[in-house]
Amino acid sequence: MKKLRVAIIGQGRSGRDIHGNYFLKAENDIIEVVAVVDAIADRRERAKKDFGCDVYKDYRELFDRKDIDLIVNASFSHQHYPIAKDCLEHGYNVLNEKPFARTYYEAMDLIHTAKQKGLLITAFHQSLYGPTIFKIKEVLASGKLGNIKQINMSWSGFSRRWDWQTLQSHCAGGVYNTAPHPIGIALDLIDWAPDAKVAFSHLDRALTSGDANDMAKIIITAPGKPFIDIEVNSADGFPNQNIKILGDRGSLLCGCVGDVKIKYIVDEELDPRPVTAEPLRHPETGHPLYCSEKLPIHEETLPTEGDLLVFHTRYFYERLYDTMINGAPLYVTAEKAAKAIEIIEAVHAQNPLPVKY
């Protein structure tokens, strides 16, 4: 089987612990790492030992090579756009880590450049391929929950950060760093509605040492689509790492991993309840009667399988491989990544925080 020859820019938490970690696993038989770039010497030495590949201090040293099928751009977030742009202009396909870019303009510029050059550009929205997301889509397709009215997502916890991911100058903060996961999933569940927009948002700082947000509330709406409520909060002492979907006949609850739980009712099992404007009365005593009933609720627990980090990374790369080798349609397109950035940019425009660093 032909392997994709990949160069990784960056050996931080993403470049090494996510992409690199998968490339080293026995499950990977489609990716060969031929080069790694990192400014830190000991990271280069470790990569050389781990992958048996060439290593470089500067990504521009890659431009003399003709044996690279794909560059994985896992640099600092504020470098995603300029490095990807440079790589595209030098004739390389690029996979950007999230965030895809800083602004919608930058995202569309990458798309335009890639089209001009006949190259591929996309973003690592691997969360769309999580085991629970596939199960959610099965449930929604079944119709058991009825018409979907609302999607709630909470990506919260109780912790502090003091690294570069807390600096606005580095295109960081909770919305740029964490929110692409729930935003991407939510947009996917409403079929990437082109008219989806930020109806309300609020950003704040709580425990972060930097000047970027670590608290966020984002409300997204689109005509004819469910209402979306997203929360990313680093100061939540009682966090719910969950996805909740509310329909007019039932509800779904799950986390990023584990079982998917649903509760729903079936119309055919319900007694007819024609509306009345008259006060309800107890049939025997005539006393006032509270309007209530015990619904025949069905409950199901639907298991999912697979280690999250390995499952969605493998699935993402298998789909990308099928696109690059066999010409299959790309599901996580750059246009979808650009839509997520459009939402993220709008949130920051509505809530400018003081720049301190």
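Refer to the structure printed above.
A few points on the structure. (Residues numbered from 1 in each chain as written. Predicted model: local features only at pLDDT ≥ 70, side-chain atom pairs only at ≥ 80, totals over all residues. Heavy atoms only, no water.)

What follows concerns the pairing of strand β7 (residues 148-154). Looking at chain direction, β7 and strand β11 (residues 242-247) are connected through six bridges and run antiparallel. From the neighbouring strand, N152 faces β11, where its bridge partner is K244. Bridging between β7 and strand β10 (residues 227-233) involves five bridges; their strand directions are parallel. Each bridged residue has a counterpart across the sheet, and for S154 the counterpart in β10 is E231. (Pairing = 2+ DSSP bridges. Helix = DSSP H or I, 4+ residues; strand = E, 2+ residues; numbered from the N terminus.)

Turning next to the side chain of T132. Residue placement: T132 occurs in helix α5 (residues 131-142). Residue classification places T132 among the buried positions, given a relative accessible area of 1%. At a separation of 3.3 Å, a polar atom in the side chain of T132 contacts the main-chain carbonyl oxygen of G255. The residues contacting T132, other than those within four sequence positions of it, are C254, G255, C256, V257, G258, V260 and T304. (Buried < 20%, exposed > 50% of the residue type's maximum accessible area, 1.4 Å probe, protein only. Polar contact = N/O pair within 3.5 Å; in protein donor to acceptor, adjacent residues only side chain to side chain. Contact = heavy atoms within 4.5 Å.)

Across the sheet, eight strands lie side by side as β8-β9-β10-β7-β11-β12-β13-β14; this open sheet has mixed pairing. A single partner strand is all that each edge strand has here, and the edge strands are β8 (197-204) and β14 (298-302). Between one strand and the next, the sheet's axes are offset by a mean angle of 10°, whatever the strand orientation. Relative to β10, strand β9 (residues 215-221) is paired through six bridges, and the arrangement is antiparallel. Paired with I219 across the bridge in β10 is D229. Seen against the sheet, helix α9 (residues 334-350) touches β8 and β9 and runs at an angle of roughly 55° to β8. (Axes fitted to C-alpha atoms, helices over the stretch in contact; angles between N-to-C directions.)

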